[in-house]
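# An overview of the molecular structure
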Amino acid sequence: MIQRKIVHVDMDAFYASVEQRDDPQLRGKPVVVAWRGNRSVVCAASYEARRFGVRSAMPAVTAERLCPQAIFVPPDFIRYRAVSRQAREIFMRHTNLIEPLSLDEAYLDVTENKTGLATATRVARAIRAQIREELNLTASAGVAPNKFLAKIASDWRKPDGLFVIRPEDIDAFLPPLSVARLPGVGKVTEGRLEKLGVRTVGDLRALELSDLERRFGRHGQRMYELARGIDPGAVVPDRPTQSISSEDTFESDVLLSETEPLIRQLAEKTWKALRKQSRIPATVVLKLKTAEFKILTRSHTPASPPASCDELIHIALSLRDRVNLGAQQRFRLVGVGLSNFYEPAEAAPEPQPALFD
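Treat the numbers as computed from the prediction; the structure is a model and nothing was measured.

## Re the packing of aromatic side chains
- The final tally for this structure, using the stated rule, is 8 aromatic pairs.
- Three or more aromatic residues joined by ring pairs make a cluster, and in this case those are Phe14, Tyr15, Phe77 and Tyr80.
- Against the face of Tyr47 rests Arg50, its NZ or CZ located 4.4 Å from the ring centre.

## With respect to the environment of Val18
- Residue position: Val18 is located in helix α1 (residues 14–22).
- Val18 sits in the buried class, given a relative accessible area of 0%.
- For the pair Val18 and Arg79, spaced 61 residues apart in the sequence, the C-alpha separation amounts to 8.6 Å.
- Residues contacting Val18, with those up to four places away along its chain left out, are Arg79, Tyr80, Val83 and Leu137.

## A word on the pattern of salt bridges
- Scanning all chains against the criterion turns up 21 salt bridges.
- One salt bridge connects Glu64 with Arg36, and the closest N-O pair in it is separated by 2.6 Å. Here Arg36 lies in the loop between β2 (31–33) and β3 (44–45) and Glu64 lies in helix α3 (residues 60–66), a separation of 28 residues in the sequence.
- On the accessibility criterion, Arg36 (51% relative accessible area) is exposed.
- Residue Glu134 is joined to Arg93 by a salt bridge in which the shortest nitrogen-to-oxygen separation is 2.7 Å. Of the two residues, Glu134 is situated in helix α5 (residues 120–135) and Arg93 in the loop between α4 (77–92) and β5 (98–102); the sequence distance between them amounts to 41 residues.
- Because the salt bridges share partners, they merge into one network encompassing Glu19, Arg21, Asp22, Asp76 and Arg79.

## Structural notes on the sheet that holds β3
- Read across the open sheet, the 3 strands follow the order β3-β2-β4; overall the sheet is mixed. Edge strands, defined here as strands with exactly one partner in the open sheet, are β3 and β4 (71–73).
- Taken together, the 3 bridges between β2 and β4 define a ladder with parallel strand orientation. Looking at the pairing, Val31 lines up with Ile71 of β4.
- Packing of α1 onto the sheet brings it into contact with β2, β3 and β4, and relative to β2 it is tilted by some 120°.

Reading the values: rules and limits
- Residues numbered from 1 in each chain as written.
- Predicted model: local features only at pLDDT ≥ 70, side-chain atom pairs only at ≥ 80, totals over all residues.
- Heavy atoms only, no water.
- Phe/Tyr/Trp six-rings, centres within 6.5 Å; stacked < 30°, edge-to-face > 60°.
- Lys NZ or Arg CZ within 6 Å of the ring centre and 35° of its normal.
- Helix = DSSP H or I, 4+ residues; strand = E, 2+ residues; numbered from the N terminus.
- Buried < 20%, exposed > 50% of the residue type's maximum accessible area, 1.4 Å probe, protein only.
- Contact = heavy atoms within 4.5 Å.
- Salt bridge = Lys/Arg side-chain N within 4 Å of Asp/Glu carboxyl O.
- Pairing = 2+ DSSP bridges.
- Axes fitted to C-alpha atoms, helices over the stretch in contact; angles between N-to-C directions.

Structure below.
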């Protein structure tokens, strides 16, 4: 079996770095990419801002409190997408096997590369140099035998770093790591593992596969494999769309009964985005975030997919009726999505019980 050579490239503080590159007055200063306001969240923070504890996805008001001297810049996603395409053009010089994760990171399978470079490490160095020279930006890269390890490696020496995990390094590198570094191990799973005395990957390795499967089901097997550096997942170029959604935050928290106008608008936006897809969505999803930041979703897979925007709106509003948190509960965000896509030639997924009996 051929040993894969995977590179994970992660642009450093991407949105903020693009802003600093294009406006010399921002260089060396704490830049926060976000709209100002009580309902805004941070899209990105420069490393100067991160020193104050500012992080992506935190409320903008929190970022302003942590770093009063921060310079807030509204996001310009059109510009960020253009730079992301330029980075992808650099990747394409080396391999066609590219799996983007977002605008600022991607997996590359360079087991065989176009440039004839002898090692994956040399490919990673070349890519980072080209990004620096041509885009005037920095990127960190991780090199490893699989995607899981490559992603850990790219974060190891950020910013502007390169780290390599060779097959012979795995058994020394992984055991000291916290189990929280494993994909899929969130706060809940981490807490359950800690009750078993498992805090590190080495601790996890001491558990039997049968015990992990009994306690965690299929995810137990996944954790067992990851703890040993096993990740068979291939780099998948142009991964098919898994979901389409639109969401927005209210200017002020609203009651559930007051969400209908925005649900209608978001359903129309999602329906418009669907027109660009050849695949068919089977499931409608409604997302809500409470004033206390609790996220809840309701979904429905009808016997046949929505045939019109009006039908999508009808299902989304019916999903809202399945939310029962009390008449006085207020919400800060709502979203409408379509998921569970399938090809026209495939059989549709099994429908859920009717909502409209």
